[in-house]
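Per-entry structural report
In case you want the letters, here they are:
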Amino acid sequence: TLRLSLTWQYRPTTRWQLRAELPWLAHSGGVFDTVIDSWHKLTGLPEGQRDRQPTDRLFFGFLNDDRSLEFRSRRQGIGDIVLNSAFELHDTAPATTSSGWQHTSWLQFGVKLPTGSVDRLTGSDATDVALSFHYHREQRTHRPWALSLDAYAIHAGQSDLIEPVERTQWQLNVKAALRWSETVIPEAQLRYRSATYKSPVPALGDDALGIDVGISLLRRSGIWRFGVSEDVDVDSNPDVSLYLQYTHR
């Protein structure tokens with residue numbers, strides 16, 4: 001899946017921030033199956049059902065009492081628009097504390113509108129509402145390190161395609177980072193998500209637990225981030241995900 005997004009962001013006051021995102025998605029066949037298989041052989045991590053499936057294929061099928069959906073060729077289109085507002089609860093800069101600690105916390109409210117297409121898998125055909133709390137604690141003296149917590153409560157709307165397990169769902173992310181040197185920062189994150197949909201497929205119908213391990217490289221021109229994501233609870237997440245990010249500054 002390729003996802004591109006057009007984002008608008010505005011800060012009307014010091015503590016308020018507004019954001020709107022319009023995504024575009026395209027679904028096509030896989031290209032990393034060989035890389036993922038090699039990763040499993042190298043690490044000895046479990047494969048689930050991967051070894052019984054064809055490589056680099058696209059096949060999606062869905063069936064319930066009212067509707068069926070199947071496609072084997074590329075689909076693309078506009079996704080669901082997301083509107084967010086964030087309010088800063090607290091921010092203690094290191095300069096104001098003798099210990100060098102910085103504490104930041106904020107609340108965020110978001111709405112996802114059903115502008116995408118269910119038939120193209122670019123939208124859920126439902127309006128979702130989310131409230132989240134975010135906390136970041138950072139030590140900038142000695143060997144700096146940081147700890148972040150993100151907690152989400154999501155009210156899922158009614159979809160014509162698939163019914164949510166519960167109207168209210170939960171997500172929790174805990175992330176730790178250590179500045180190993182002036183330019184290298186190892187990072188690790190543990191992710192939990194409550195069950196999303198009523199489905200016998202574990203990745204949809206069961207709670208999910210995953211871990212991300214990566215590294216950030218600080219350069220004068222920007223920041224490189226790359227790493228790998230694995231499912232701690234097998235089959236509850238995509239088997240393995242590789243990510244690469246570059247931020248220019």
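From a predicted model like this one, the values you see are computed outputs, not experimental measurements.

Criteria and thresholds
Residues numbered from 1 in each chain as written. Predicted model: local features only at pLDDT ≥ 70, side-chain atom pairs only at ≥ 80, totals over all residues. Heavy atoms only, no water. Helix = DSSP H or I, 4+ residues; strand = E, 2+ residues; numbered from the N terminus. Buried < 20%, exposed > 50% of the residue type's maximum accessible area, 1.4 Å probe, protein only. Areas by Shrake-Rupley, 256 points an atom, 1.4 Å probe, with all protein chains shown as cover. Lys, Arg positive; Asp, Glu negative; His and termini not counted. Charge placed at Lys NZ, Arg CZ, Asp CG, Glu CD. 1 Å grid on protein atoms, 1.4 Å probe; cavity = no way out; pocket = protein on both sides within 12 Å on 5 of 7 lines; lining within 4 Å. Points joined across faces, edges and corners; volume = space filled by probe spheres on them. Nonpolar A, V, L, I, M, F, W, Y, C, P; charged D, E, K, R; others polar. Pairing = 2+ DSSP bridges. Core = buried A, V, L, I, M, F, W, Y, C linked by side-chain atoms within 4.5 Å. Contact = heavy atoms within 4.5 Å. pLDDT = per-residue confidence, 0-100. Phe/Tyr/Trp six-rings, centres within 6.5 Å; stacked < 30°, edge-to-face > 60°.

1. Quick look at the overall build of the protein chain
- Helix and strand counts for the protein chain come out as two helices and 14 strands.
- Along the longest, intermediate and shortest principal axes, the C-alpha atoms of the protein chain span 65 × 45 × 30 Å.
- Looking at the protein chain as a whole, 33% of its 249 residues qualify as buried.
- With the model as given, the accessible surface of the protein chain reaches about 15400 Å², and the carbon-plus-sulfur share is 58%.
- A gap of 9 Å separates the mean positions of the 27 positive and 30 negative side-chain charges of the protein chain.

2. Regarding unusual backbone geometry
- Of note in the backbone geometry, Asp56 takes a positive phi value of approximately 55 degrees without being a glycine.
- With respect to the helices and strands, Asp56 occurs in the loop between helix H1 (33-43) and strand S3 (60-63).
- For Asp125, which is not glycine, the phi dihedral falls at a positive 65 degrees.
- Inspection of the secondary structure puts Asp125 in the loop between strand S7 (101-112) and strand S8 (128-139).
- Residue Asp125 is classed as partly exposed on the basis of its relative accessible area of 30%.

3. Describing the layout of surface pockets
- Considering only enclosed or pocket space, the second largest pocket measures out at about 560 Å³ in volume.
- Lining the second largest pocket are 19 residues, with His136, Lys175, Ala177, Glu187 and Arg225 positioned closest to its centre.
- Those elements giving two or more residues to the lining of the second largest pocket turn out to be S8, strand S9 (145-155), strand S10 (168-178), strand S11 (184-193), strand S12 (208-218) and strand S13 (222-231).
- The dominant element in the lining of the second largest pocket, judged by the number of residues it contributes, is S10, at four residues.
- Split into classes, the residues belonging to the lining of the second largest pocket amount to nine nonpolar, five polar and five charged.

4. What about the pairing of S7?
- Alignment of strand S6 (residues 82-92) against S7, held across ten bridges, turns out to be antiparallel. Following the sheet pairing, Val82 is matched in S7 by Lys112.
- One ladder, built from twelve bridges, connects S7 with S8; its direction is antiparallel. Within S8, the position partnered with Gln102 by the bridge is Glu138.

5. Some remarks on the nonpolar core
- The biggest cluster of nonpolar side chains holds five residues, and these are Phe62, Leu69, Val118, Leu161 and Ile162.
- Each residue touching Ile162, except ones within four places of it in the same chain, is listed here: Phe62, Tyr197, Lys198 and Ser199.

6. Re the confidence of the model for the protein chain
- The predicted model of the protein chain averages 87 in pLDDT, with 95% of residues at 70 or higher.
- When mean pLDDT is compared element by element in the protein chain, strand S2 (residues 16-27) scores highest at 96, while helix H2 (residues 202-205) scores lowest at 78.

7. A few points about the packing of aromatic side chains
- Using the criterion set out here, one finds four aromatic pairs in the structure.
- Ring geometry for Trp16 and Phe87: centres 5.0 Å apart, planes at 45 degrees, overall tilted. Linking Trp16 in strand S2 with Phe87 in strand S6, this pair joins segments that are 71 residues apart in sequence.
- The exposure class assigned to Trp16 is partly exposed, which follows from its relative accessible area of 39%.
- By relative accessible area, which is 25% here, Phe87 ends up partly exposed.

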